[in-house]
Amino acid sequence: MIRGSCSCKKVEFELSNKPMIMGTCHCSRCRKAGSSILVIVKSDDLKITKGKETISTYRPESGFKYLRNFCSNCGTSLGEILSKDSSFPISANCFDDDPIVRNEFHEFVSAKPDWYDICDTAKQFLEHPAK
Ligand SMILES: [Zn+2]
Ligand SMILES: [Zn+2]
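Quick caveat, the model's predicted, so the values are computed rather than measured.

1. Quick word on the coordination of the zinc ion (ligand 1)
Line of reasoning, step 1. Protein ligation of the zinc ion (ligand 1) involves C6 (SG), C8 (SG), C71 (SG) and C74 (SG), the donor distances falling in the range 2.3 to 2.4 Å.
Line of reasoning, step 2. Note that the zinc ion (ligand 1) binds four donor atoms; their angles at the metal cover 105 to 113°, and the shape is tetrahedral.
Line of reasoning, step 3. Each donor residue of the zinc ion (ligand 1) belongs to the same chain, with the gaps between them written as C-x1-C-x62-C-x2-C. In this pair, C6 sits in the loop between β1 (2-5) and β2 (12-15) while C71 sits in strand β7 (residues 68-71), placing the two residues 65 residues apart along the sequence.
Line of reasoning, step 4. Overall, the relative accessible area of 1% leaves C71 in the buried class.

Spelled out as structure tokens, the structure:
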């Protein structure tokens, strides 16, 4: 089991398998949400063990498509932890245990602020890797 939680511990979850991949998004929206480092998890592997009712959803204004979940008590970014998709990103920041995977790519590097230097050798994509 790989366990994670928000800062205030009202929300807790566990993964039965390691995430599929870890990546870093440098877009301003992930940065402002405090959720730049993401892991993609399979829905079947994730169980929210505590506080599902405490999780809030930020629905983006038009032009943006990703919902963002966060703890309504402490504000910790949880990625898309309430997603109904078969796999989805959650914030690497909220793991208590080692998620085992390591950063494999950087996306939206074109939006990276100058004060942040990439210090690993992971692949870099100027925008989304699918482009
Ligand atoms: Zn919390
Ligand atoms: Zn992003």
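This is not the end of the story, as more comes after the structure.
2. Re the coordination of the zinc ion (ligand 2)
Line of reasoning, step 1. Every protein donor of the zinc ion (ligand 2) is accounted for by C25 (SG), C27 (SG) and C30 (SG), and the metal-donor separations fall at 2.1 to 2.3 Å.
Line of reasoning, step 2. The sequence pattern describing where the donors of the zinc ion (ligand 2) fall on their chain is C-x1-C-x2-C. For the pair C27 and C30, one class covers both residues: buried.

3. A closer look at the sheet that holds strand β5 (residues 46-50)
Line of reasoning, step 1. Sheet architecture is open: three strands sit in the order β1-β2-β5, paired in antiparallel fashion. Two strands close off the open sheet at either side, each with one partner strand: β1 and β5. Neighbouring strand axes in the sheet, compared pairwise and without regard to direction, differ in orientation by 25° on average.
Line of reasoning, step 2. In this sheet, β2 lies alongside β1 in antiparallel orientation, the contact comprising four bridges. Bridging from a neighbouring strand, R3 pairs with E14 of β2.

4. Overview of the pattern of salt bridges
Line of reasoning, step 1. Tallied over the full model, the rule gives five salt bridges.
Line of reasoning, step 2. In this structure, the salt-bridge partner of R3 is D97, at a minimum N-O distance of 2.9 Å. One end of the pair, R3, is in strand β1; the other, D97, is in the loop between β9 (87-91) and β10 (103-107), and 94 residues separate them in sequence.
Line of reasoning, step 3. Given a relative accessible area of 47%, R3 falls into the partly exposed group.

5. Overview of unusual backbone geometry
Glycine aside, the phi torsion of most residues is negative, and most peptide linkages are trans.
Line of reasoning, step 1. Located in the positive-phi region is K9, a residue other than glycine, with phi close to 70°.
Line of reasoning, step 2. Checked against the element boundaries, K9 lands in the loop between β1 and β2.
Line of reasoning, step 3. Residue K9 is classed as partly exposed on the basis of its relative accessible area of 37%.
Line of reasoning, step 4. One non-glycine residue, F108, lies in the positive phi region at around 55°.
Line of reasoning, step 5. Relative to the elements of secondary structure, F108 occurs in the loop between β10 and β11 (123-124).
Line of reasoning, step 6. On the basis of relative accessibility, which here comes to 25%, the residue F108 falls in the partly exposed class.

6. Some details on the pairing of β9
Line of reasoning, step 1. For β9, the buried fraction is high: four of the five residues fall into the buried class.
Line of reasoning, step 2. The sheet contact formed by strand β4 (residues 37-42) and β9 spans five bridges and is antiparallel. Bridging across to β9, V41 finds its partner in F88.

Scoring rules and cut-offs
Residues numbered from 1 in each chain as written. Chains lettered and ligands numbered in written order. Predicted model: local features only at pLDDT ≥ 70, side-chain atom pairs only at ≥ 80, totals over all residues. Heavy atoms only, no water. Donors = N, O, S within 2.8 Å, 3.2 Å for Na, K, Ca; no water. Tetrahedral: all angles 85-135°; square planar, octahedral: opposite > 155°, others 65-115°. Helix = DSSP H or I, 4+ residues; strand = E, 2+ residues; numbered from the N terminus. Buried < 20%, exposed > 50% of the residue type's maximum accessible area, 1.4 Å probe, protein only. Pairing = 2+ DSSP bridges. Axes fitted to C-alpha atoms, helices over the stretch in contact; angles between N-to-C directions. Salt bridge = Lys/Arg side-chain N within 4 Å of Asp/Glu carboxyl O.

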